[in-house]
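# Remarks on the overall topology
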Amino acid sequence: MEILGTTLRICVDDLEASVAFYEGLTSTPALRFERGGVSVAAIGCFLLMSGPEAELEVLRKVSATIAVKDVDEAHAALTRVGAKVVAGPLPTPAGRNLIALHPDGSVFEYVDRNVPA
């Protein structure tokens with residue numbers, strides 16, 4: 001499995017103030033979308049999330065987002081080494097993702113940019 005990079009996941013109370021800060025920090029405009037009642041802004045290597053506490057509580061359990069070349073390949077590699085895929089692969093606005101529980105208890109999101117046609 002080829003890992004292309006990681007994204008830091010940050011749950012915030014004030015998305016607009018946080019977007020302004022991280023856009024200024026990275027000199028990169030935010031890519032915004034909604035997912036399951038949560039407002040999301042991707043800015044450089046930061047993924048800002050804001051929404052209902054019940055939704056954020058689940059999202060906080062995911063340590064980081066890992067970009068991979070192909071989610072299906074990641075799925076095979078993860079299960080081969082003993083990880084448990086707990087969700088996905090599923091389509092997202094930017095490609096596909098899955099959530100995996102590693103044997104040490106860590107939870108990570110794996111994403112690719114293979115957007116369905």
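In case you missed it, the structure is sitting above this.
How each quantity is defined
- Residues numbered from 1 in each chain as written.
- Predicted model: local features only at pLDDT ≥ 70, side-chain atom pairs only at ≥ 80, totals over all residues.
- Heavy atoms only, no water.
- Helix = DSSP H or I, 4+ residues; strand = E, 2+ residues; numbered from the N terminus.
- Polar contact = N/O pair within 3.5 Å; in protein donor to acceptor, adjacent residues only side chain to side chain.
- Contact = heavy atoms within 4.5 Å.
- Core = buried A, V, L, I, M, F, W, Y, C linked by side-chain atoms within 4.5 Å.
- Buried < 20%, exposed > 50% of the residue type's maximum accessible area, 1.4 Å probe, protein only.
- Arc of directions from axis to C-beta.
- Expected span 1.5 Å × (residues − 1).
- Pairing = 2+ DSSP bridges.

### Some points on the side chain of Asp-112
Along the chain, Asp-112 turns up in strand E8 (residues 107-112). Separated by 2.9 Å, the side chain of Asp-112 and the backbone nitrogen of Val-71 make a polar contact. Among the polar contacts made by the side chain of Asp-112, one reaches the side chain of Arg-96 at a distance of 2.7 Å. Residues within four places of Asp-112 in sequence aside, it is in contact with Val-68, Lys-69, Asp-70, Val-71, Ala-94, Gly-95 and Arg-96.

### Here's the deal with the nonpolar core
One finds Ala-64, Ile-66, Val-68, Val-71, Ala-74, Leu-78, Ala-83, Val-85, Leu-98, Ala-100, Phe-108 and Tyr-110 forming the largest nonpolar core, which totals 12 residues. Elements with a contribution of two residues or more to this core: strand E5 (64-68), helix H3 (71-80), strand E7 (95-101) and E8. Not counting the four nearest positions on each side in its chain, Leu-78 is found in contact with Ala-83, Leu-98, Ala-100, His-102 and Tyr-110. Membership of the second largest hydrophobic core comes to eight residues, among which are Leu-15, Val-19, Tyr-22 and Ala-41.

### Remarks on H3
The set of residues buried in H3 consists of Val-71, Ala-74, Ala-77 and Leu-78. Along the long axis of H3, the arc covered by the buried residues comes to 120 degrees, so they all point the same way.

### Some details on helix H1 (residues 15-26)
When the terminal C-alpha atoms of H1 are compared, their 16 Å separation across 12 residues agrees well with the 16 Å that a helix rising 1.5 Å per residue should span. Those residues of H1 that sit buried are Leu-15, Ser-18, Val-19 and Tyr-22. Buried residues of H1, seen end-on, are gathered within an arc of 100 degrees and therefore sit on one face of the element. In H1, the exposed positions that point more than 90 degrees away from the buried face belong to Phe-21 and Gly-24. Summarising the contacts, the buried residues of H1 are in contact with strand E1 (3-11), strand E2 (31-35), strand E3 (38-43) and strand E4 (46-50).

### Some details on the pairing of E3
Summarising the sheet, E2 and E3 pair through five bridges and their orientation is antiparallel. Each bridged residue has a counterpart across the sheet, and for Arg-35 the counterpart in E3 is Val-38. Between E2 and the antiparallel strand that follows it, E3, lie two residues; Gly-36 among them carries a positive phi value of about 60 degrees. Note that E3 and E4 share five bridges and pair antiparallel. Looking across to E4, one finds that Ala-42 is bridged to Leu-47. Between E3 and E4, which pair antiparallel in sequence order, lie two residues; one of them, Gly-44, sits at a positive phi of approximately 60 degrees.

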